[in-house]
Structure formats: structure tokens, C-alpha cells
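If you want the building blocks of each chain, they are given just below.
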Amino acid sequence: MTAAPVVQTILVEPPVEPVVFALVMYSVSSAKEGAILLKSAIMYTTRPLHFHILCDEAAQVYLESRFRLLTRPTHHITVRFYRLSFQSMMDRVIREGSIFTDHSAGIPGLMKLFLHELIPDHVEKAIYVDTDTFFLTDPALLWEEFSYWDPNVSISMPSHPDQNAPEWHHASRICSCIMLLHLGRLRAARLMDSSIYRADAAGALWAPGSEGHYMNVALGDQGYWWAIVSNRQDLFRPLRYDWEVTSCLLDMYMTGLGDDDVSEEQESKVMVHLWDTPYEEQVVLPKLLHFNCLHDTDVYYNWAGWSNPEDSLTKRWKPAVEYHVGFKWLWLNRGSTDSPVDIQVIVDPPFADQRFAAESADELQH
């Protein structure tokens, strides 16, 4: 009698989706700040991380020296540096034809509008965060926000309908300091125009306003994002303030370290800048700290105000800054097996309009 065959059932779990970032770090100062952001994401993540970083050579060298210290991270880390020349950025802005900036972030700051063009097409979604930030929690929680989107949403960032700043043409009603971007949908819409597209029959697939071009823009890239989402609210989903606890204008909603046994009811009484917003009478639970608008310093953690024990921001957040700045990259080697960071450098990546021109020329030749 033949024995019955042994049947083994093997459960194959699907691969864990990484948390994907698209970032801009164009200078050593920007890289110094950004390194703290990157370090904090690695500290708290429960998933693999993919970092796509638009940079210059100086920033790449600084950041790569940190990543090379990681040999056993808990989760795999992939890094792609896209090294852009200043001239290539200028040329793309010129081809767009209607944008400029007088913001301190300069031309590199405008590259936030072109992330979908520079990052490879297989990357469909990404988180953008300014460099003067760091996480207090798992970035996978921020990535999960994508799962709540309607099918047409392409952009999510904090919304502040209570802000009234006509001198900025109301661009302070959003904050492009943190954005969730569906890069695939932005590519399909040809979000940013180009003289190359204008020469094509299809042209740009949508215009920012009734006049077909940007008007009355302030606050650098944020002004253009405001023009986009205020004219196309169908593309937009507000992001919770938990991810934008910022020193700029909003004074961190007046929350901070201390009183570890405070109740939600007690905390809500000290909250500020929530009136006439979607989060009125709610409690902001800090998940990502932003130290923007700290003047007279290139790097937020060198701000002179940290030495003033009477400063409100210093009282509430200095220990958190010191901890995240001082946490050693070496300490991130928490894994049990070797898994060095996967690093590649892409020099002079083409913008989407340049790829379109090259593909169109190829088609004509064939």
C-alpha cells in the first residue's frame, strides 16, 4: 500500500511596501539639517525606507558619509541621489516660463514642483518633507495616509483656512513644508508646463487658473502649490496638523514636552491656531516637528534662541532637538545581519519634458 503524499502548505507573505521619500537637499547646510530628518525616519520606522534625494555634490558627500556608517539597520534602506547642476534647474524654470522666486530657498526650492519629473516613473507615490524637521514617530503612519485618498487626489498637505495674509496672496493657508504626492497622477497631468509641451499638440494638460498662467505668487514654491490646489481642489486632501507641528506662525500649537500625565481635555485648552480650522476643539498630537522661520541661522539646531532658557520654544522643545541631533548614526545598527545601505548616484538626470522631447524625436526617426 502506497503511503499518502505529504502535503506542505507554505504561506508566502507579500513584500512589505517601503516608505518612499522625495527630498531636496542642495547645499551642505541643507544636508546637515536633512541628515537629522533622515536619521529620525530610520530611528522610528517599521518598514523599509527609500530615499530619493535631489542634491548637489557637496550635499551628496555629506549625506553619503552618514549612510556609510549603517551596516546593520533594522530595515533595508535604499538611497538614490539625483545630482543636479544649478544650470539645469534654471533651464527647467525658464522652459516653464511663468514661475520665479524671491524666497530664500531660491531655485533649488522650486524643484519641489518638479519632483515627479526627476524621480523615475516606477515611483508612484512619495512623501516630501523640508529639511528643518524630524520625526517623533513611525513614518509608516504618514505613509498610511495615502490609503485614505479618493482616486482623483494627487496632493495632500496641511490646510489653514483661518490664515489671512493678503500680502502673500493667502499662500499661508497651506504649508508645502510637508506634502504627500501621487507622482504618477502629477506626471499624467503634466503638472508643470514647458516650452517643449507647448510645441506639442497636447500641450499642458491643465492650467493653474482661468488666465492659464500663475499670477500674484508669493512664498516661493508654496505660492505655486497654493495656486494649484486653490484652483483644483479636486486634487487636494488636507493633512492632519499632527504632521506639521511648526515654529513658523503657528508656534507649535503651544504644545511641547512635559506634563506627561496631561489629559486630552487639559491639552485641548492650551492649543492655539485651531479656531476656524477643520481641527477646532481637537488635540494636536506631535508626530513631525518643523523648526522653520528661525531667523539668522543656516541650520535650525544652531539657532541662538536655544541658549535662551526663557524662550518659549526653547522651554518646550530644546531637549527633543538635542536628542535627535546628538543620536549617533552608529546606534542605528540594530539589526542582526549585515545589510549595508543601497546607494546609487544619478548625475544630471533629465527632466520629464526633456525625456518627452527625446522620445518624440525617436518616434519621428522611426
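Here, the structure is the one placed above.
Report on the accompanying structure. (Residues numbered from 1 in each chain as written. Predicted model: local features only at pLDDT ≥ 70, side-chain atom pairs only at ≥ 80, totals over all residues. Heavy atoms only, no water.)

1. A word on the pairing of strand β2 (residues 49-55)
Here is step 1 of the chain: Counting buried positions along β2 yields 6 of 7 residues, so the element is predominantly enclosed.
Here is step 2 of the chain: Bridging between strand β1 (residues 19-25) and β2 involves 7 bridges; their strand directions are parallel. Bridging across to β2, alanine 22 finds its partner in histidine 52.
Here is step 3 of the chain: Since β1 and β2 lie parallel, the crossover through helix α1 (residues 28-44) that links them has a hand, and here it is right-handed.
Here is step 4 of the chain: Two strands pair when backbone bridges link them, and β2 and strand β3 (residues 77-83) are joined in this way by 7 bridges, in the parallel orientation. Its bridge partner lying in β3, histidine 50 is registered against threonine 78. (Buried < 20%, exposed > 50% of the residue type's maximum accessible area, 1.4 Å probe, protein only. Helix = DSSP H or I, 4+ residues; strand = E, 2+ residues; numbered from the N terminus. Pairing = 2+ DSSP bridges. Right-handed = clockwise from strand over helix to strand, strands pointing away.)

2. Notes on the side chain of aspartate 130
Here is step 1 of the chain: Here aspartate 130 shows up in the loop between β4 (125-129) and β5 (133-135).
Here is step 2 of the chain: You can call aspartate 130 buried: its relative accessible area is 17%.
Here is step 3 of the chain: At 3.3 Å, the side chain of aspartate 130 and the side chain of lysine 112 are in polar contact.
Here is step 4 of the chain: Apart from the residues within four sequence positions on either side, aspartate 130 is in contact with Leu37, Lys112, Ser176 and Cys177. (Polar contact = N/O pair within 3.5 Å; in protein donor to acceptor, adjacent residues only side chain to side chain. Contact = heavy atoms within 4.5 Å.)

3. Notes on the packing of aromatic side chains
Here is step 1 of the chain: Taken as a whole and judged by the stated rule, the model has 19 aromatic pairs.
Here is step 2 of the chain: Taking the centre distance of 5.6 Å and the plane angle of 75° together, the rings of phenylalanine 291 and tryptophan 306 count as edge-to-face. Of this pair, phenylalanine 291 sits in the loop between β10 (288-290) and α11 (312-326) while tryptophan 306 sits in the loop between β10 and α11, and the two are 15 residues apart along the sequence.
Here is step 3 of the chain: Residue classification places tryptophan 306 among the buried residues on the basis of a relative accessible area of 6%.
Here is step 4 of the chain: The ring of phenylalanine 356 carries arginine 190 above its face, with NZ or CZ at 4.5 Å from the centroid.
Here is step 5 of the chain: The side chain of lysine 287 reaches across the aromatic face of tryptophan 243, ending 6.0 Å from its centre. (Phe/Tyr/Trp six-rings, centres within 6.5 Å; stacked < 30°, edge-to-face > 60°. Lys NZ or Arg CZ within 6 Å of the ring centre and 35° of its normal.)

4. Focus: the side chain of histidine 52
Here is step 1 of the chain: Relative to the helices and strands, histidine 52 is located in strand β2.
Here is step 2 of the chain: With a relative accessible area of 6%, histidine 52 lands in the buried category.
Here is step 3 of the chain: In this structure histidine 52 touches Val20, Phe21, Ala22, Leu23, Arg80, Tyr82, Ile119 and Val123, once residues within four positions along its chain are discounted.

5. Structural notes on unusual backbone geometry
Most peptide bonds adopt trans geometry, and most residues besides glycine take a negative phi value.
Here is step 1 of the chain: Although it is not a glycine, cysteine 293 sits at a positive phi angle of roughly 65°.
Here is step 2 of the chain: Residue position: cysteine 293 is located in the loop between β10 and α11.
Here is step 3 of the chain: Phi is positive for aspartate 296, which is not a glycine, with a value near 65°.
Here is step 4 of the chain: Residue class for aspartate 296 comes out exposed when judged on its relative accessible area of 83%.

6. Topic: the nonpolar core
Here is step 1 of the chain: Phe21, Phe51, Ile53, Leu63, Phe67, Met111 and Trp225 are the most contacted members of the largest nonpolar core, which has 82 residues in total.
Here is step 2 of the chain: Every residue in contact with methionine 111, bar those within four places of it in the chain, is listed here: Val24, Leu54, Met89, Val93 and Phe351.
Here is step 3 of the chain: In terms of nonpolar packing, the next biggest core, distinct from the first, is built from 20 residues, Phe134, Met252, Met271 and Leu289 among them. (Core = buried A, V, L, I, M, F, W, Y, C linked by side-chain atoms within 4.5 Å.)

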